[in-house]
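# Structural overview for review
Below are the chains, spelled out letter by letter.
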Amino acid sequence: MKKILFFLVCGLLWSTVLSAQQTRYMVFEFIKVQNDQLFDYIEFKDLMENVYRQARNDGQIVGWDFWSLQSGAPNAAFQYIMVTHYNDPVKMMNGLEESQMQEYTKIAYPHLNETQVQKLFQESLSMRDMPMRLYMKEIVSTNDNFQMKPGVLASFDLMKANEGNFDAYETAEMEVFKPIHQRNIEKGLMGHWSLLRTALPLGSEAASTHLTLNMYKDYMQFFNAQAYEDIEQTDEQRKKVNEGLNSRDQKWVYLATLENVVR
């Protein structure tokens, strides 16, 4: 009996460790590039894919995405979104030092000397502005085998939970909206969905508290999903959906196409 109890406890502890290891943390960097430098920056992000691949091979990150915005906030506030994935909150907050990035660049491009590498980074820093950076923790996602590859479409929905409705909003996302998205995935109307919460303490003046990611394999799937109406939804389900919608303010929806990916 004692042995059985011992193995049960060990199993619970091991499952807890695995769950902690699988938690994903993401840094979202919204990037603005001057119009006269767009061509140079497109070349730069292709180079950065190889650099972040070295960081992935070194175990510093678990992934990296580069998205081109199709629509979002007015006045073209951003043109790109860069997402770096981590499995550890400390690594996320520390990020990658410039010296590390330069070392990974040397590995990815052994034909560049140190002077060329430093010049490359200085030029890249001067051509971009990052007016917004978000540190997020994924708290729930759909069960799917969605494949991340260039051409994938996604909407980044920035949410702000209404005052006093933080827990109610998250409960609505997990218990009401997640099952809806899961059904859409099973019907071929969607690829993936996840809910992320800010990883940093925020006050009442924060612009957003959560972010939902809605992914589609292409525009055809995206528009089919927009046109679909769930006629099987009951009145009680519709009531819960409306309550969930009223628990938060949808600040902005950024529609973007995946251009580069490291996994």
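This text follows the structure it describes.
Below is a summary of the structure that appears in this document. (Residues numbered from 1 in each chain as written. Predicted model: local features only at pLDDT ≥ 70, side-chain atom pairs only at ≥ 80, totals over all residues. Heavy atoms only, no water.)

## Some details on the nonpolar core
- Counting residues in each nonpolar core, the largest one holds 27 residues, and the members touching the most others are Y41, M48, Y52 and W64.
- Listing elements by their share of this core, those giving two or more residues are β1 (25-33), α2 (38-57), β2 (63-71), β3 (80-86), α4 (98-108) and α5 (114-126).
- The element that contributes the greatest number of residues to this core is α2, accounting for seven residues.
- Each residue touching Y52, except ones within four places of it in the same chain, is listed here: I61, W64, M82, T84, L96, M101 and V262.
- Grouped together as the second largest cluster of nonpolar side chains are 24 residues, L196, A256, L258 and V261 included. (Core = buried A, V, L, I, M, F, W, Y, C linked by side-chain atoms within 4.5 Å. Buried < 20%, exposed > 50% of the residue type's maximum accessible area, 1.4 Å probe, protein only. Helix = DSSP H or I, 4+ residues; strand = E, 2+ residues; numbered from the N terminus. Contact = heavy atoms within 4.5 Å.)

## Regarding α5
- Given a rise of 1.5 Å per residue, 13 residues ought to cover 18 Å, and the 19 Å separating the end C-alpha atoms of α5 matches this to within 8%.
- Within α5, the full set of buried residues consists of V117, F121 and S124. Down the axis of α5, the smallest arc covering the buried residues is 65 degrees, so these residues share one side. In this structure, α5 carries T115, K119 and S126 as exposed residues pointing more than 90 degrees from its buried face.
- Residues of α5 that are buried make contact with α2, α4 and β4 (128-141).
- For α5, the N-terminal cap is N113; the gap from its side-chain oxygen to the backbone nitrogen of T115 is 3.1 Å. (Expected span 1.5 Å × (residues − 1). Arc of directions from axis to C-beta. Polar contact = N/O pair within 3.5 Å; in protein donor to acceptor, adjacent residues only side chain to side chain.)

These results come straight from atomic positions and should not be treated as a statement about function.
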